[in-house]
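Architecture and fold: a report
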Amino acid sequence: MSRGLITVAHEGGHAVVALLTRRKLQGIRLHSDTSGVTLTRGRPTGPGMILTAAAGYVAPSLIGLGAAWLTAAGYITVFLWTVLLLLAGMLLMIRNIYGAIALITVGGAVFTLSMFTPPDVQGWVAYAACWFLLFGGIRPILELRRKRRRGRAVDSDADQLARLTPFPPGFHIFMFLLISTAALVAGAYLLAPITLPPL
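Residues numbered from 1 in each chain as written. Predicted model: local features only at pLDDT ≥ 70, side-chain atom pairs only at ≥ 80, totals over all residues. Heavy atoms only, no water.

**Section: the packing of aromatic side chains**
- Using the criterion set out here, one finds seven aromatic pairs in the structure.
- The structure contains a cluster of three or more aromatic residues connected by ring pairs, namely W81, F111 and F116. (Phe/Tyr/Trp six-rings, centres within 6.5 Å; stacked < 30°, edge-to-face > 60°.)

Below, the structure is given as structure tokens:
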């Protein structure tokens, strides 16, 4: 389940950046093995394609950082409804049944939390979600590095970026890890002063 949530953030990152760079988003698929794919159409090279390919692995950590900022500022409701809007947008672009069920399940849980639980509970869940995203964003990058060392994952986002840029896959994996680690440190700094009320 936790890996699936990180995959949702990963593919959501690809999708959002594709739209921001004016690529045409053709669809998103989420699979039961926690893999996923986001299909876009546009120039096969150039900044838009590079940014779209780079967005996936850093998306969970950057979303976690944004969530930490909102949570630290006391905007729990804004955080929850932003998540709902992003999930609804992804649902419109989902192209398989499993992906639709996964998004509806997650969206239903977030909606129930935002509408039917007291603020204290919302605060605790938001706080936990921040840490989950901040730490959860690093694990897939480390797994990707291990897989590539064993000769697997040869068509990963890092390999696509290597074909689009002058830099090898290892450089892009290092950059993914650097950005995600920086997000973790910044998120921890934001969350550290928070004192949550007892449940």
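**Digging into the pairing of strand β1 (residues 24–30)**
- Summarising the sheet, β1 and strand β2 (residues 36–41) pair through six bridges and their orientation is antiparallel. By the bridge assignment for β2, L30 is matched with G36.
- In textbook terms, the turn of a hairpin is the stretch between consecutive antiparallel strands, and for β1 and β2 this stretch comprises five residues, one of which, T34, has a positive phi near 75 degrees. (Pairing = 2+ DSSP bridges. Helix = DSSP H or I, 4+ residues; strand = E, 2+ residues; numbered from the N terminus.)

**Observations concerning a nonpolar patch on the surface**
- A contiguous nonpolar patch, built from W81, F111, M115 and F116 and spanning about 430 Å² of accessible area, is present on the exposed surface.
- In terms of residue count, helix α4 (residues 97–116) provides more of the nonpolar patch than any other element does, three residues in total.
- Structurally, F111 can be placed in helix α4. (Patch = residues over 30% accessible without salt bridge, like charges linked within 9 Å, V, L, I, M, F, W, Y side chains within 5 Å. Areas by Shrake-Rupley, 256 points an atom, 1.4 Å probe, with all protein chains shown as cover. Salt bridge = Lys/Arg side-chain N within 4 Å of Asp/Glu carboxyl O.)

**Comments concerning unusual backbone geometry**
- For R22, which is not a glycine, the phi torsion comes out positive at approximately 65 degrees.
- By the secondary structure assignment, R22 is in the loop between α1 (2–20) and β1.
- Judged by relative accessible area, which is 81%, R22 ranks as exposed.
- The phi torsion at T34 lies on the positive side, around 75 degrees, for a residue other than glycine.
- As for its placement among the helices and strands, T34 is situated in the loop between β1 and β2.
- With relative accessibility at 31%, the residue T34 sits in the partly exposed group. (Buried < 20%, exposed > 50% of the residue type's maximum accessible area, 1.4 Å probe, protein only.)

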